[in-house]
Amino acid sequence: MQLGLDFATVEELVAGVDEVGRGPLCGAVVTAAVILDPARPILGLNDSKKLTEARREKLFDEIREKALAWCIARAEVEEIDRLNILHATMLAMQRAIEGLSVQPKLALIDGNRCPKLSVPSAPVVGGDAQVPAIAAASILAKVSRDREMRELDALYPGYGIALHKGYPTPVHLEALTRLGPTPIHRRSFAPVRRLLEAASLG
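Owing to the predicted nature of the structure, the values given are computational and were not obtained by experimental measurement. (Residues numbered from 1 in each chain as written. Predicted model: local features only at pLDDT ≥ 70, side-chain atom pairs only at ≥ 80, totals over all residues. Heavy atoms only, no water.)

1. Describing the overall build of the protein
Here is step 1 of the chain: Within the protein, the secondary structure is distributed over 7 helices and 5 strands.
Here is step 2 of the chain: A compact globule built from 202 residues should have a C-alpha radius of gyration of about 17 Å, and the protein, at 18 Å, falls within 12% of that.
Here is step 3 of the chain: With the C-alpha coordinates of the protein rotated into their principal frame, the extents come out at 60 × 35 × 25 Å.
Here is step 4 of the chain: Here the protein holds 202 residues, and 49% of them are scored as buried.
Here is step 5 of the chain: Across the protein, contacts joining residues at least 24 apart in sequence account for 63% of those joining residues at least 6 apart.
Here is step 6 of the chain: Within the structure as shown, the protein displays about 9800 Å² of accessible surface, and the carbon and sulfur contribution to it stands at 56%.
Here is step 7 of the chain: Of the charged side chains in the protein, 25 are positive and 25 negative; the average position of the first set lies 3 Å away from that of the second. (Helix = DSSP H or I, 4+ residues; strand = E, 2+ residues; numbered from the N terminus. Rg over C-alpha atoms; globule rule 2.2 N^0.38 Å. Buried < 20%, exposed > 50% of the residue type's maximum accessible area, 1.4 Å probe, protein only. Contact = heavy atoms within 4.5 Å. Areas by Shrake-Rupley, 256 points an atom, 1.4 Å probe, with all protein chains shown as cover. Lys, Arg positive; Asp, Glu negative; His and termini not counted. Charge placed at Lys NZ, Arg CZ, Asp CG, Glu CD.)

2. Here we look at the packing of aromatic side chains
Note on aromatic pairs: each is described by the distance of the centres and the angle between the planes.
Here is step 1 of the chain: Overall, the coordinates contain 0 aromatic pairs when judged by the stated rule.
Here is step 2 of the chain: The ring of Phe60 carries Arg147 above its face, with NZ or CZ at 4.5 Å from the centroid. (Phe/Tyr/Trp six-rings, centres within 6.5 Å; stacked < 30°, edge-to-face > 60°. Lys NZ or Arg CZ within 6 Å of the ring centre and 35° of its normal.)

3. Structural notes on the sheet that holds strand 1 (residues 14–20)
Here is step 1 of the chain: Overall, mixed pairing links the 5 strands, which are arranged 3-2-1-4-5 in an open sheet. Either end of the sheet is taken by a strand with one partner, and the two such strands are strand 3 (69–75) and strand 5 (121–124). Within this sheet the neighbouring strands show an average axis-to-axis angle of 20°, counted without direction.
Here is step 2 of the chain: When strand 2 (residues 29–35) meets strand 3, the two strands line up antiparallel, connected through 7 bridges. Paired with Ala33 across the bridge in strand 3 is Cys71. (Pairing = 2+ DSSP bridges. Axes fitted to C-alpha atoms, helices over the stretch in contact; angles between N-to-C directions.)

4. Some details on the UniProt feature "domain: RNase H type-2" (unreviewed entry) in the protein
Here is step 1 of the chain: As recorded in UniProt, the sites labelled "domain: RNase H type-2" (unreviewed entry) are residues 12–201.
Here is step 2 of the chain: The span residues 12–201 is 45% helix and 16% strand, and its two end C-alpha atoms sit 57 Å from each other. (UniProt positions renumbered as here; feature names shortened; annotations may be inferred.)

5. Thoughts on the pattern of salt bridges
Here is step 1 of the chain: Applying the stated criterion across every chain, the model contains 16 salt bridges.
Here is step 2 of the chain: The partner of Glu62 in a salt bridge is Lys58, and the shortest N-O contact between them spans 4.0 Å. Within this pair, Glu62 and its partner Lys58 are both found in helix 1 (residues 53–66), separated by 4 residues, close to a single helical turn.
Here is step 3 of the chain: Residue Glu62 is classed as buried on the basis of its relative accessible area of 15%. (Salt bridge = Lys/Arg side-chain N within 4 Å of Asp/Glu carboxyl O.)

6. Some thoughts on the layout of surface pockets
Here is step 1 of the chain: The space that makes up the second largest pocket amounts to roughly 330 Å³.
Here is step 2 of the chain: Asp18, Glu19, Val20, Gly21 and Lys49 are, among the 23 residues lining the second largest pocket, the residues nearest its centre.
Here is step 3 of the chain: Secondary structure elements with two or more residues in the lining of the second largest pocket: strand 1, helix 3 (85–98) and helix 4 (132–155).
Here is step 4 of the chain: Each residue belonging to the lining of the second largest pocket can be placed in one class, and the counts come to 5 nonpolar, 6 polar and 12 charged. (1 Å grid on protein atoms, 1.4 Å probe; cavity = no way out; pocket = protein on both sides within 12 Å on 5 of 7 lines; lining within 4 Å. Points joined across faces, edges and corners; volume = space filled by probe spheres on them. Nonpolar A, V, L, I, M, F, W, Y, C, P; charged D, E, K, R; others polar.)

This is the structure:
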C-alpha cells in the first residue's frame, strides 16, 4: 500500500529504507530499514555517499545503538540473476522492513518506487539527503556491504573488489577479462554475461 502524503508531518514510527549495490557486477544488493528514536537524536546523518568512510563507520555504530529498530537485509547474486536487479532490490527492501523488531506506521523508500509492503509506504526521490531515517538506512547498508566486499576481496584476489566494491570500473573490467567471472559475479549483467557466452563458444 502506498500513500500520497507529506512525510514531513509524520513524526513517529517512520521507517527509512535504502539500498546499496544495484550497479555492481558482483556481490549481493544490501538494504536497510531504520526507525529512529526522536528522544535520542543522531547528529550528522546524511546520504552515505557524502560522508567519509570514517564518519560512516562511527555513525553505523551510533545508529544501531540509538535507533528504535533497525534491520539489514539482502538479496543474493542468485536472486539477482533470477529476478533481475530491480525485483531483487524490492525483495531485499521487503526483508528489511519485515525484519524490524517494531512495526512502522509508515515506510519511506529512497527512490521513485516502493516494494509491496504490509505497511503504508511512500517513495522519496533523493530521500537519503532529505529524510534522516533514510540517511541512517543508507549508512547501515553501505557500511555493511563495503565490509563484505573487503572480505570477498580476500577470497577472490586480483579483481580489486575492496577498492571498487564490485562496480564496473576499468580495473574491474580488465580483471574480469583476464581472470574470468567468479561465483560472486552477477551472470545476468552484460559484461559478465558476454564473457560467459564467449567462453562457451570458445
